[in-house]
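# Geometric and topological summary
The primary structure of each chain is shown beneath.
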Amino acid sequence: MGFRKNMTEALELPKEIMLNLPLISFIGREEVSIENYKGILEYGEETVRVGTAAGVLRLTGRGLCIKQLSAECLVVTGRVEKMEFLQ
């Protein structure tokens, strides 16, 4: 992946596309959009775990709900208190 990463940086190409990395966008603490995800591993009102090429992404909070789900994008709403990548 070293060559691909170096080439992506040299040509200033979008890393999330070229390196298949997740693109994570927050709207305050109320909405999280995750593009380039691999799958939903856990879903509950307090925890959502999502598989990505960068590892497992865990969102914790209160009243979490999947608002939108497509092959390209996952949108989670609720009160997001913590986001972390698990090893």
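The present account deals with the structure reproduced in this document.

Rules and cut-offs
Residues numbered from 1 in each chain as written. Predicted model: local features only at pLDDT ≥ 70, side-chain atom pairs only at ≥ 80, totals over all residues. Heavy atoms only, no water. Buried < 20%, exposed > 50% of the residue type's maximum accessible area, 1.4 Å probe, protein only. Helix = DSSP H or I, 4+ residues; strand = E, 2+ residues; numbered from the N terminus. Pairing = 2+ DSSP bridges. Core = buried A, V, L, I, M, F, W, Y, C linked by side-chain atoms within 4.5 Å. Contact = heavy atoms within 4.5 Å. Axes fitted to C-alpha atoms, helices over the stretch in contact; angles between N-to-C directions.

Moving on to the pairing of strand β2 (residues 31-35). With four of its five residues buried, β2 lies for the most part within the structure. Sheet topology places strand β1 (residues 23-27) next to β2; five bridges connect them, and they run antiparallel. Bridge pairing in β2 links isoleucine 24 to isoleucine 34. Taking the residues between adjacent antiparallel strands as the criterion, β1 and β2 are bridged by three residues, where glycine 28 takes a positive phi near 55°.

In this structure, Val32, Ile34, Tyr37, Val48, Val50, Leu57, Leu59, Leu64, Ile66, Leu74, Val76 and Val80 together form the largest nonpolar core, which totals 12 residues. For this core, the elements supplying multiple residues, two or more each, are β2, β4 (47-52), β5 (55-69) and β6 (73-86). The biggest single contributor to this core is β5, with four residues. In contact with isoleucine 34, other than residues within four places in its own chain, are Leu23, Ile24, Val50, Leu57, Leu59, Glu72, Cys73 and Leu74.

Turning to the sheet that holds β6, a few remarks are in order. Read from one edge of the open sheet, six strands run β1-β2-β6-β5-β4-β3, paired in antiparallel fashion. The open sheet is flanked by β1 and β3 (37-43), the only strands paired with a single partner. Shown here is a sheet whose adjacent strand axes are inclined to one another by a mean of 40°, direction ignored. As judged from the five bridges shared by β3 and β4, these two strands associate in the antiparallel manner. By the bridge assignment for β4, glutamate 42 is matched with arginine 49.

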